[in-house]
Every structure is written in structure tokens, then in C-alpha cells.
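Structural features, examined
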Amino acid sequence: MDYLKGLNEAQFEAVTTLQGPLMVLAGAGSGKTRVLTMRIAHLITNGVDPFNILALTFTNKAAKEMKERIAKVVGDSDARSLWMGTFHSVFARILRSEAHYLGFSSNFTIYDAQDALNVMKKVIKDLSIDAEVYKPKKVLARISQYKNNLITVNAYFNNPELLEADERANMKMIGEIYRKYVDMCFRNGAMDFDDLLLKTNELLTRFPEVLAKYQDRFRYILVDEYQDTNHSQYLIVKALASKFENICVVGDDAQSIYSFRGANIYNILNFKKDYPDAMTVSLEQNYRSTQNIVDAANVVISKNLQQFKKNVFSENEVGEKIKVYRSLSDADEANFVSANIFELHNTQQRKFSDFAILYRTNSQTRAFEDALRKKNIPYRVYGGLSFYQRKEVKDLLAYLRILVNENDSEALSRIINYPARGIGETTQNKLIVFADSQNVPVTQVLDNLGFYAPQLGLNNGIITKLGDFWAMIKAFQVMLKTENVYDVAMEVAKRSGLIRFLKEDQTPEGISRVENIQELLNSMQGFIEEQIQVEGGDPSLSNFMENIALSADTQSNKDDDTDKVSLMTIHLSKGLEFPVVHLVGLEENLFPSFMSSSTREELEEERRLFYVALTRAEKQAFFTYAVSRFQWGKITDSEPSRFLSEVDSKYIEFINPMMEARFVNNSGVNSNIFDERPSEPRFFKKKDEKKTLERNFNTPPAKKLKPIATAKIINPSGSSSEDIEVGDRVRHDRFGVGEVTFLDGTDPQNIKAKVIFANEGEKNLILKFAKLTKI
DNA sequence: AAAAACATAATTTTT
DNA sequence: TTATGTTTTT
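Residues numbered from 1 in each chain as written. Chains lettered and ligands numbered in written order. Predicted model: local features only at pLDDT ≥ 70, side-chain atom pairs only at ≥ 80, totals over all residues. Heavy atoms only, no water.

Bringing the UniProt feature "domain: UvrD-like helicase ATP-binding" (unreviewed entry) in chain A into the picture now. As annotated in UniProt, the feature "domain: UvrD-like helicase ATP-binding" (unreviewed entry) corresponds to residues 5-290 in the numbering used here. What you have in residues 5-290 is 53% helix and 13% strand, and the ends, taken at the C-alpha atoms, are 24 Å apart. (UniProt positions renumbered as here; feature names shortened; annotations may be inferred. Helix = DSSP H or I, 4+ residues; strand = E, 2+ residues; numbered from the N terminus.)

What follows concerns the sheet that holds strand S7 (residues 247-251). Here six strands make up an open sheet; going across it, the order is S3-S2-S6-S7-S1-S8 and the pairing parallel. Strand pairing shows two members of the sheet lacking a second neighbour, strand S3 (83-86) and strand S8 (279-283), which therefore form its edges. Direction aside, the axes of adjacent strands within the sheet are offset by 15° on average. Bridge count for strand S6 (residues 220-223) against S7 is three bridges, and the pairing is parallel. Directly across from Leu222, in S7, lies its bridge partner Cys248. In the packing of helix H2 (residues 32-45) onto the sheet, the strands contacted are strand S1 (22-26), strand S2 (53-57), S3, S6, S7 and S8, and the crossing angle to S6 comes to about 170°. In this fold helix H13 (residues 231-241) packs onto S2, S6 and S7, with an angle of close to 160° to the strand it touches most, S6. (Pairing = 2+ DSSP bridges. Axes fitted to C-alpha atoms, helices over the stretch in contact; angles between N-to-C directions. Contact = heavy atoms within 4.5 Å.)

By size, the foremost hydrophobic cluster in this structure holds 59 residues, and its most contacted members are Leu397, Leu400, Leu466, Phe469, Ile473 and Met524. Excluding residues within four positions of it along the chain, Met524 makes contact with Leu400, Val485, Tyr486, Ala489, Leu541 and Phe544. In terms of nonpolar packing, the next biggest core, distinct from the first, is built from 42 residues, Ile94, Phe108, Leu204 and Leu550 among them. (Core = buried A, V, L, I, M, F, W, Y, C linked by side-chain atoms within 4.5 Å. Buried < 20%, exposed > 50% of the residue type's maximum accessible area, 1.4 Å probe, protein only.)

For the rest of this paragraph, the subject is the sheet that holds strand S13 (residues 379-381). Spatially, S13-S14-S12-S15-S16-S11-S19 is the arrangement adopted by the seven strands of the open sheet, whose pairing is parallel. In the strand order of this sheet, the two ends are held by S13 and strand S19 (652-654), each with one partner. With direction set aside, neighbouring strand axes in the sheet form an average angle of 25°. Taken together, the three bridges between strand S11 (residues 322-327) and S19 define a ladder with parallel strand orientation.

Moving on, we get to the pattern of salt bridges. If you walk through the whole model with that rule in mind, you get 40 salt bridges. Residues Asp216 and Lys243 are paired through a salt bridge, measuring 3.2 Å at the closest nitrogen-oxygen approach. Here Asp216 is found in helix H12 (residues 208-217), whereas its partner Lys243 is found in the loop between H13 and S7, with 27 residues between them in sequence. With relative accessibility at 31%, the residue Asp216 sits in the partly exposed group. Among the ionic contacts, a cluster of salt bridges with common partners joins Lys32, Asp224, Glu225, Asp228 and Lys574. (Salt bridge = Lys/Arg side-chain N within 4 Å of Asp/Glu carboxyl O.)

Right under this line is the structure:
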């Protein structure tokens, strides 16, 4: 029992108490994952069949990591037969095998957010409802709430309070929309994310024999991140656990950051009420971070009213203070961070993979990508536009979806005329209207085109095109029976004309689209190999589709475990740790987000988010904020985040020297420090990133522009230059040859030139970026 | 029916 | 700024 060594008292108790309900309150960095994995290992060594263990996590990443760690202790084969995964993936799997109970086919499609949005748009259009009042996204969010609280369409209409509330909100059509949306999903043979949980609940409540089956199978249940479960998930767990009550939930109320999607913090706060005999173990020692970091995080989180009392502490070194950097712009902020990473990499022998840049919103990534690229620092962006959300990838996937589930009209409308094959909107509408009038699925019309053709009111040319298209799909389907996923997908990509169409576009974006298709095909091959190796693996197309529908964190699996800086949102960083963390964009209205600053509850969640971010750091943490940043196409001034002022000043240290002096004089943060806001447009503030970190940023504001006669061409790296003056003939990479007619600006870094090009006409260029060469 | 031109809305976080 | 949607042109 090697694995039990080195656990502290609380951890030992959490690992070895196998019977009965158990709640583990695990502070940040207290070895939660370790406890969970050891506990599972302990269950198995004590004779529990892995097949009877269900472990639920929140992200695929967490599931994967835990599985690997368990495999190290108990061996591959036992680890594999565990039921471990996200709520969504585990229950999707169960729903597939029990789908017939609910009138679904086992090959139902899983709709991601984008698919759901498309369906919703269609619903609103079909009902001739004003999409300005009923914004599809908003309506979808509302329906999502209902689903997560198990309010079905019928329940909705039977609930006067809800009806009234929606009526008051000027949303009285919500019910109708809800009904139609659910209906459309059903007819498409599709479930959205919320359905996976809702339908599981339905399955377990309506069919006692199914409930009994899974209760008996899952004799030991473990739930990670319990504070982030929503009502729907809570009920599933409760139902499954009610027979044996061997349920272990692990969580930290201070890290609850998903209430926006229905997470209910009371699930963890009320665990004791559900299971009066429950044992509680608190893990309070943080092994991850320095004392300074832990203490600073504690101070901030203590501002929240709603929480368990906990005493998280660290016995590690005190460590360095948190460094705060005030920047002038988003670009400046990014340059600081990349310069800082560069320096620490060189002076402290830190690997690039030791660094994380954490931000509140995905849109903040761009500046950092630019800055890191400039310094040739390798990085990887997590989340954001995931690979599988790219248009070209979704297009090819839509073809494959149709092969698995013909009724998926969402996929059908995506590809029926893409690449263009002369089946336009009018034709498609006629098809749909006709199918509806006959009360049959569109696919049935296509299946029997010869029979229906006379009634369709389409000319023979179009009928032939439709027939060809559908014959092609049918041929793919036949092929799928004998050939493997990769070969079929390759054939689809070729025969559909998708690749040919994409190859016509020789712009860099076009080329990368082709590469993405290639990448998707490669990942299929990888998938097949993986599934074949595993005993009981399933290399089918539907299994592949399910895997990608439920994983947002998939890039492409190649460039793994290399030495790269990690860029991600704070939400994504949960559960991870990094020696050095840069927490950026600490500004009011950005973090805390302007969308979440109105109520105390919302603000407390933002604060927990801050807590999560800071406690990712092991050794060093840096905070940065910008005095103004470029967003919505405009420069917006911003004030430092309130969270900055909530960190006790004894834990932090300003990097900008002037700031430090002022900060010490003023322990509050609303001092004049933050008042000096630049009033000049952005390009006056661009600066040379070669200067040292300590430079002071009170660059003299650029005054009124005066025309000037000569200027230097400065390339973006700030080096080599060449004199240029009005009248010179110059060459531009894209615009070709032209003549300089006007020069503008005083700051040598920001000269603008007016150039008349032979082919392109007059352009205003900023010399720094334009890369002109004199000829 | 397809492409191009034009207009306008949007950026919170994820399974 | 970008992404998306709508209208106009070919």
C-alpha cells in the first residue's frame, strides 16, 4: 500500500473511508486530485470491481489526467473499466444504450452550442417572431435554465409563476418557442448539452428498472468539483447513490465559478442535509503555493459573505511578493508579460511550460499572441475557437453527421448546397415545406424522389441535382458499413468537392483551411488506432462524433507536452497549476466583468474566480492591468480592478517605481494614481518593447500633428531604418509600387505616410508597420 | 443562384 | 476590430 504513504491525516481519512457518504472540502492546492485518485486506487485494491465505480468530473482534461494517474497505481486494465468522465460524456453513453426508452434512436446527434443556436434561429423564424425582442441567445439561455431545473415544456405551461414571470419580462412567447425547439430537436434526432442531463433524469425517474440497473452498477460514486453541479446533475447523482449511499463528493465552495450555467453552490452547502450521517473531511493545507500567494488569496476571498469557514494555509516558503504592473495599453501589457517571461526563462532557467497567462475573456488572447510571437516564445492557446468549431471542420463533420443520423436536418441544411451544387434556398424551402405538408421527414422525400417529384413543383434539372446529391450520401453510407472511418471521411472530403473547393482559395487562410481538414482526417486515423488497441474499443463513426461533440479542449492532439507557455481563461485553468502565473487585465468592467457587477452574488462569483486564478500559482504571481485598452474597435479607458485593492498591500509590490511610491502613501486605491489617463489615440502609445521593465510611462502626449518633410522607415522590430521623404518612390508588399505624397506625425515611432500606388490608389500607412522599401 | 457590397451587432465564462 | 447578417449586383 505504497500509495497511502505520504498522505497527511485528513487526506488519509478521505482516502480510506470507503463506506457511506463522505464530503471532502478541499481547499485550493490541498491535494484534491491526489485524494481522489488514491481513493479509487484504494477501492480497487480492497476488492471493489472498477466496473462498479463511477467517477464524475467537470472537464475532459480532469478526467483524462485522473485516469492516467490511476492507471499508474492500479494498472491499465483496471483503470480502463472504470466509469470515469464528465457528467455529459458518461450520461451520453448511458443514454445511447437506453435511448429506445425515450423514443430516441441510439445514434442521436449531440448538438453543441452553435448547432443549438442555429436551430433556435430557425424556430424563431418559423414562428414569425421578432428576433430583436426574442434574441436567440437569450431565449436559449432561458430554456437552458429551465432544462437544468427539470422544467419540461409541460411543466412550464403548468407553472403559473413562470408564465407570469415571462409575461412580465415581455417574453410571453417563450413557452411556444420552447415547445417548438424541443420538437425540432426531437425530430432531428438530436439532444443538446442540457438534454443529456435532463433526459437522464427522465430516464431514471420514469423507468424504475433502468434506475435499479444503474444503481446496482454504480456502487461507489465519486463526484469532483461538486460545488459546480447544477440541479439536474445533483438529482442524477442523488438518484444513483440512493441505494448504497457510497457517495463521495469533493469540492471547494470558494472555487464555485459556474453559476452562470446553473451551478448551485447549495448542493455542496447542503450535503449534510441530504446525508445526515455524512462524514466531512477538510483538507486545509496547501502544498502548491508559497505562503504569500495563499495568504493574499485568503484575504481576498474573505470579502465574500457566502462561504464555509476554512483555514487554508501553506507551510512552504514565504516566497516573493506578487508583482503588479500598470500598463498603458493592452499591447503594452502583453509586451511586458512576454518580456518578463523571456527574462525569467533566461535568468531563472524556467521552462516556458512553467508559465501561464490567465485572463477573463477569450478576446484578450490576441495581444499576447502577438507579443509572444515577436519574441519567438512558444505558446499554446487553450479554449477559444476550438479546432472543431472551425467552419471547414464543421462542414466535413456535417457530412459525417448525416451518415450517422439522416434526420439531422441541421447538418443537412449545412451541406446540401455546400460546396455549391445548384440546390439553392428556394429549392430547399420547397423541399421542407412539402415534407412538412406530407408530414414526413425531408429524408424520406429524398429517399423516394421519383415518387414525390411530380408534386414538388421543381424542374427536372433540380430534381436530378437533388437525386445526385442524395445518391452520393447513400453511397457514403454503404461504404461506412465496410470501410473504416478514416477512409470514408477521406472519400467524403474528395467526392463532395469540399477539398477541391477549399483548394481554390490560395490565400493563407484558405491554405490553413485545407490543413485543418487534413488535420481532422489525421485525428480520425489516430482515433482508430487508439480504439483498436484498447480492448472493447469502438472505432465507429458515431463514437468518434460523440467524442468530439463533448470535448471543447481538443486542439489537435499532436503538439502536446512540448515546452510552451499556456494561455487560457481563468475558467479553464481550474484544477491546473503553474510555477509562474500572470493574471492579466485586472480592470473594472473586465475583471470583474461588466456583465457581472450588478449584484453581490455575481461579484462574489467574480471574486471566487480571482481566487481560483491566484491559487494556480506555485512560486510567483504577476498582476497586470492597462489604463486603456482597445475593445469594440475603440480605445476604452479603464480603472484598476477592485480586486487589486482588496489584496493587502503587504503581499504586493509595484513594478513601476513611481507607482510604488504613490501606492505606499495611499493604501486605498482610489488615489490620483489612476486618474492620469491617456487621451491620445492608440498608435501614439505604441512603444519600443526593447526598453527595460522599469521605464516610466509618462510619455509626453503627442501634440497636434504637423506635416513633416522626412522620416525614417522603422520596421516593427524597431531596428533598421532608412530615410524617406515626400516624393520618394516606394514598394509595399501588398500594394506594389507607389509614390509618397505626404508625411505626418512627430513621434518617430508613429509617422504616417500618404502613398499613391499605381494599382491600389491612395493609402494611408503607418511607416512602422507598412514595411516600405525605397526604390 | 452566387458574389460582392454594405450594414450592424457584439465580447463573459463551458459541457 | 471582427464576425455575421442583409441587400444589391451580376
